[in-house]
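# Residue-level structural notes
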Amino acid sequence: MNKTIMVTGGAGFIGANFVLEWLRLDLGRVINLDKLTYAGNLENLVEIQNNTAHIFVHGDIGDSALVAKLLAEHQPYAIVNFAAESHVDRSIHGPEDFIQTNVVGTFHLLEAVRTYWANLNEEHRQNFRFLHISTDEVYGSLAKDDVAFTETHTYAPNSPYSASKAASDHLVRAYHHTYGLPTLTTNCSNNYGPHHFPEKLIPLVIHNALTGKPLPIYGTGQQIRDWLYVEDHCSAIRRVLEAGKVGEVYNVGGWNEKPNIEVVKTLCRILDAKKPREDGQSYMNQITFVEDRLGHDQRYAIDATKIANALGWKPKETFDSGIEKTVNWYLEHQDWVNNVTSGEYRHWVEKHYAERGEELA
Ligand code: NAD
Ligand code: DAU
């Protein structure tokens, strides 16, 4: 069997972790299609820059002609679609890119894949998979005592980001139902770990702490997210690709619900121990409550029972072990942080947090 897969968005946070591990595990060739937006970074892939099993292509999932050409040339047996605009706050400032990539881009990608798949021989058509990477945010927000999201939870996206991801999930579902395209969808909770872009809570807090800036907590800090170490997400994706039932959805989560303020205090405690401030004070002194996110979802929680029972997957890391590894990675990769926080990043931080009255750039 051809052991080539195509990954989209493989220069971003989760995609890069997935590609690096796929090649470390020697699972076959990877065609990595990425537009290299502000969130895509070839520095994430330096470890494999000389690996001939990795073929990087700079391009857009919405470019059907390019996708068709790559599919015809490399004949992958699977596509793993990570490519997306992924930051909720950016979707509030400017939703259009989210519609373009997450909805229109996914549509064009599906069209190119459908044509490719329809022309495969019977055996390849049977073995082919289109795995769409989605989010728990499509299910909306939970109240404190609500049960966690299962795969049958009603879709109720609340932000332009989650609405665009919900639309892409529906397209994937429709391509399976209507055309028989062998799709799989995973809806995952909040990831954290190496290569996480410092516009998201955990890497932002580590970066701001170390550079003496305020640690911005939206609203009361009581919103709850369900955290999963990125390598656990990647192992779930590999398992779904290997054994998931065509047309099915699998929720992926870490059983690690935490209020934001608790996550930030944990990071401060770890940094106090590993990299104490020069003045001997705690990083907790940098915590600053700022204006809340518009339409801020109160709580996400994933019920990952289906993937555990059907596919035998469960996360390896606890929040304590994963967060310690994460802080270590950032302390050891300050060059990476310095490179990604120059240029466009500074512009975003200035604009976004200025509205909250904070000087964070
Ligand atoms: P990210 O923003 O770090 O990376 C996205 C990548 O996609 C970047 O490399 C970017 O250059 C690329 N990209 C964007 N538009 C593209 C286009 N039109 N064509 C090709 N490439 C394009 O995102 P992430 O956090 O790694 O998330 C990856 C996927 O996982 C997304 O689909 C996201 O919705 C989903 N997800 C993320 C999380 C999380 O906590 N980060 C949780 C659940 C699901
Ligand atoms: O749930 C999965 C989702 O998790 C993914 O689909 C998204 O792509 C990913 O970005 C993430 O979305 P969140 O909005 O939950 O992540 P973020 O890191 O932006 O925020 C986490 C929580 O922290 C959220 O409640 C908002 C809050 N927050 C965030 C930032 C950036 C703050 O309090 N202060 C901040 O400065």
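Structure shown above.
## Quick word on the overall build of the chain
A tally of regular secondary structure across the chain gives 13 helices and 12 strands. If one aligns the C-alpha atoms of the chain with their principal axes, the spans along those axes are about 65 × 45 × 40 Å. Every one of the 361 residues in the chain was classed for burial, and the buried ones make up 55%. In the chain, the share of contacts with a sequence separation of at least 24, taken over all contacts with a separation of at least 6, comes to 81%. In the form shown here, the chain has an accessible surface area of approximately 15,200 Å², with 49% of it arising from carbon and sulfur atoms. Looking at the chain, you have 33 positive and 46 negative side-chain charges, and the mean spots of the two groups are 4 Å apart.

## Brief notes about the site of ligand 1
Close to ligand 1 lie 28 residues; Ile-14, Asp-34, Ser-86, Tyr-161 and Lys-165 are nearest. Ile-61 is positioned such that a nitrogen or oxygen atom in its backbone is 3.0 Å from a nitrogen atom of ligand 1. Lys-165 places a polar side-chain atom, nitrogen or oxygen, 2.7 Å from an oxygen atom of ligand 1. Out of a free accessible area of 830 Å², ligand 1 has 96% covered by protein chains. Broken down by element, the shell around ligand 1 gets its largest block of residues, 3 residues, from strand E5 (residues 129-135). Of the residues assigned to the shell around ligand 1, the class counts are 12 nonpolar, 12 polar and 4 charged.

## Some thoughts on the side chain of Glu-199
Here Glu-199 lies in the loop between strand E7 (190-192) and helix H7 (201-210). A distance of 2.8 Å separates a polar atom in the side chain of Glu-199 from a polar atom in the side chain of Tyr-38. Within the structure, Glu-199 has its side chain in polar contact with the side chain of Arg-90 (distance 2.7 Å). For Glu-199, the residues in contact, after removing those within four places along its chain, are Tyr-38, His-87, Arg-90, Leu-204, Tyr-345 and Trp-348.

## Some details on the packing of aromatic side chains
Taken as a whole and judged by the stated rule, the model has 15 aromatic pairs. On the numbers, 5.6 Å between centres and 65° between planes, the contact of Tyr-192 with Tyr-229 is edge-to-face. Taken together, the positions of Tyr-192 in strand E7 and Tyr-229 in strand E9 (residues 224-229) put the pair 37 residues apart, joining distant regions of the chain. Summarising the burial analysis for this pair, Tyr-192 and Tyr-229 share the class buried. Among the aromatic residues, those joined into a ring-pair cluster are Tyr-192, Trp-227, Tyr-229 and Phe-319. One cation-aromatic arrangement involves Arg-90 over Tyr-38; the distance from NZ or CZ to the ring centre is 3.5 Å. The ring of Tyr-250 has Lys-306 lying over it, and the distance from NZ or CZ to the ring centre is 4.7 Å.

## Comments concerning the site of ligand 2
By nearness alone, 24 residues border ligand 2, and Asp-136, Tyr-161, Asn-190, Arg-293 and Tyr-353 come closest of all. Between ligand 2 and the protein, one listed contact pairs an oxygen atom with a side-chain N or O atom of Asp-136 at 2.5 Å. Within the backbone of Pro-216, a nitrogen or oxygen atom sits 2.8 Å from a nitrogen atom of ligand 2. Out of a free accessible area of 690 Å², ligand 2 has 95% covered by protein chains. Residue assignment for the shell around ligand 2 shows that the elements contributing at least two residues are helix H3 (88-93), H7 and strand E8 (215-218). Looking at which element gives the most residues to the shell around ligand 2, the answer is E8, with 3 residues. When its residues are assigned to classes, the shell around ligand 2 shows 10 nonpolar, 7 polar and 7 charged.

## A look at the sheet that holds strand E6 (residues 183-188)
The parallel open sheet is built from 7 strands, whose spatial order is E3-E2-E1-E4-E5-E6-E10. The sheet is open, and its two edges are formed by strand E3 (54-58) and strand E10 (249-252), each paired on a single side. For this sheet, the mean angle separating the axes of adjacent strands, direction not counted, is 20°. As paired strands, E5 and E6 are joined by 6 bridges and run parallel to one another. Residue pairing for E6: Thr-135 is matched across the bridge by Cys-188. Contacting strand E1 (4-8), strand E4 (78-81) and E5, helix H4 (residues 96-118) runs over the sheet at an angle of about 165° to E5. Against the sheet, helix H6 (residues 160-179) engages E5 and E6, with an angle of about 155° to E5.

The rules behind each value
- The written sequence of each chain sets the order in which its residues are numbered from 1.
- Chains and ligands are labelled by the order in which they are written, letters from A for the one and numbers from 1 for the other.
- Under the rules for a predicted model, residues below a pLDDT of 70 receive no local features and side-chain atom pairs below 80 are neither given nor counted, while totals for whole chains, interfaces and linings still include all residues.
- Think of the side-chain values as coming from all heavy atoms in the structure, minus any hydrogens and water.
- Strands here are runs of E lasting at least two residues and helices are runs of H or I lasting at least four, both read from the DSSP assignment and numbered beginning at the N terminus.
- Only protein chains enter the accessibility calculation, which uses a 1.4 Å probe; a residue whose area is less than 20% of its type maximum is buried, one above 50% is exposed, and one in between is partly exposed.
- It only takes one pair of heavy atoms within 4.5 Å for two residues to be counted as in contact.
- All accessible-area figures derive from a Shrake-Rupley calculation using a 1.4 Å probe, and residue coverage is judged against the displayed protein chains alone.
- Working convention for charge: Lys and Arg count positive, Asp and Glu count negative, and His plus the chain ends are omitted.
- In this description, the location of a charge corresponds to atom NZ of lysine, CZ of arginine, CG of aspartate or CD of glutamate.
- Whether a residue is near a molecule or strand depends on its heavy atoms: if one lies within 4 Å, it is near.
- We call two N or O atoms a polar contact when they sit within 3.5 Å, provided that within protein one can donate a hydrogen and the other can accept it, with sequence-adjacent residues counted only if both atoms are side-chain atoms.
- Note that Gly is not counted as nonpolar here; it falls among the polar residues with everything else outside the nonpolar set of Ala, Val, Leu, Ile, Met, Phe, Trp, Tyr, Cys and Pro and the charged set of Asp, Glu, Lys and Arg.
- Pairing of aromatic side chains requires ring centres within 6.5 Å, counting the rings of Phe and Tyr and the six-membered ring of Trp. Pairs whose planes differ by under 30 degrees are stacked, by over 60 edge-to-face, and all others tilted.
- Distance and angle both matter: a charge sits over a ring if NZ of Lys or CZ of Arg is within 6 Å of the ring centre and within 35 degrees of the ring normal.
- Pairing between strands is defined by DSSP: at least two bridges between the two strands are required.
- Under this scheme, a helix contributes an axis fitted over its contacting stretch, all axes are lines through C-alpha atoms, and angles between N-to-C directions fall in the 0 to 180 degree range.

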